[in-house]
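Okay, here's what each chain looks like letter by letter:
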Amino acid sequence: MDNFAEHLVKKELTGGDKAKRMIILIGGIVMTVLLAGFAILMLGQGLLPFVGLVLAAVTGYGTYYIVTNMYVEYEYTFTNGELEVDKIIAKKKRRSMLEVSVGKFRDFGRYDDSAPEETDDMTVVFATSNIASEEWYADFDHEAYGDTRLVFCPDENMLENMRKNLPRALRAKLEESEE
């Protein structure tokens, strides 16, 4: 029987992300209106109105593109010991971030103050909702990234399925920490 779990996590925007999005949105709208106004004022001046309208359209679309791409979700798929993490941007584009066998985890646990520090040569992959109470970490060696730490937010079903495939020492460590 297959051991399967899937979980989708929406990345919550931080205050800085919200401020960035607002600045980009307001700046884009202002630039689009100014360029369109320039084009209207220059009617009858040859190609200038056309260039102004094209620049206004490009600015408007660029603003829309940047703002919508700030909406990110992460999908975790666990199948028979393999964890796959995908990044979904604006509910349109999917990009595979990494795939790893849970049996290769060196360390695994809650991502809090008791978690070991990241080293300078470690690649840290954040695929999280930005809600600290839900975050877990996994340390492992990855073919492309080398020494890697994944920070993610699995639900209870996924954690239960992953525990079955963890190395024995990590399962024992988790059981101790839960007591």
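Structure: see above.
Report follows, based on the coordinates. (Residues numbered from 1 in each chain as written. Predicted model: local features only at pLDDT ≥ 70, side-chain atom pairs only at ≥ 80, totals over all residues. Heavy atoms only, no water.)

1. Here's the deal with the environment of Ala127
Consideration 1: Note that Ala127 resides in strand β6 (residues 123-127).
Consideration 2: The sequence separation of Ala127 and Gly15 amounts to 112 residues, and the corresponding C-alpha distance is 18 Å.
Consideration 3: Setting aside its immediate chain neighbours within four residues, Ala127 contacts Tyr74, Tyr76, Val85, Met97, Leu150, Val151, Phe152 and Cys153. (Helix = DSSP H or I, 4+ residues; strand = E, 2+ residues; numbered from the N terminus. Contact = heavy atoms within 4.5 Å.)

2. With respect to the pattern of salt bridges
Consideration 1: Using the criterion set out here, one finds 8 salt bridges in the structure.
Consideration 2: In this structure, the salt-bridge partner of Arg94 is Glu75, at a minimum N-O distance of 2.4 Å. On the criterion of sequence distance, the pair formed by Arg94 in strand β4 (residues 93-101) and Glu75 in strand β2 (residues 72-79) is long-range, its members being 19 residues apart.
Consideration 3: Its salt-bridge partner being Arg106, residue Asp141 comes within 3.0 Å of it at the nearest N-O pair. Taken together, the positions of Asp141 in strand β7 (residues 136-142) and Arg106 in the loop between β4 and β5 (107-110) put the pair 35 residues apart, joining distant regions of the chain.
Consideration 4: Residue class for Arg106 comes out partly exposed when judged on its relative accessible area of 42%.
Consideration 5: Several salt bridges converge on common partners, so that one network encompasses Glu75, Asp86 and Arg94. (Salt bridge = Lys/Arg side-chain N within 4 Å of Asp/Glu carboxyl O. Buried < 20%, exposed > 50% of the residue type's maximum accessible area, 1.4 Å probe, protein only.)

3. Examining the environment of Arg110
Consideration 1: For Arg110, the position within the fold is in strand β5.
Consideration 2: Its relative accessible area of 38% is what places Arg110 among the partly exposed residues.
Consideration 3: Remark: the alpha-carbon pair of Arg110 and Glu134, spanning 24 residues in sequence, is separated by 8.1 Å.
Consideration 4: Look past the residues within four positions of Arg110 in its chain and what remains in contact with it is Ala115, Ser133, Glu135, Trp136 and Tyr137.
Consideration 5: Engagement of the side chain of Arg110 in a polar contact is seen with the backbone oxygen of Ser133, the distance being 3.2 Å. (Polar contact = N/O pair within 3.5 Å; in protein donor to acceptor, adjacent residues only side chain to side chain.)

Scope: geometric values only; no functional claims are made or implied.
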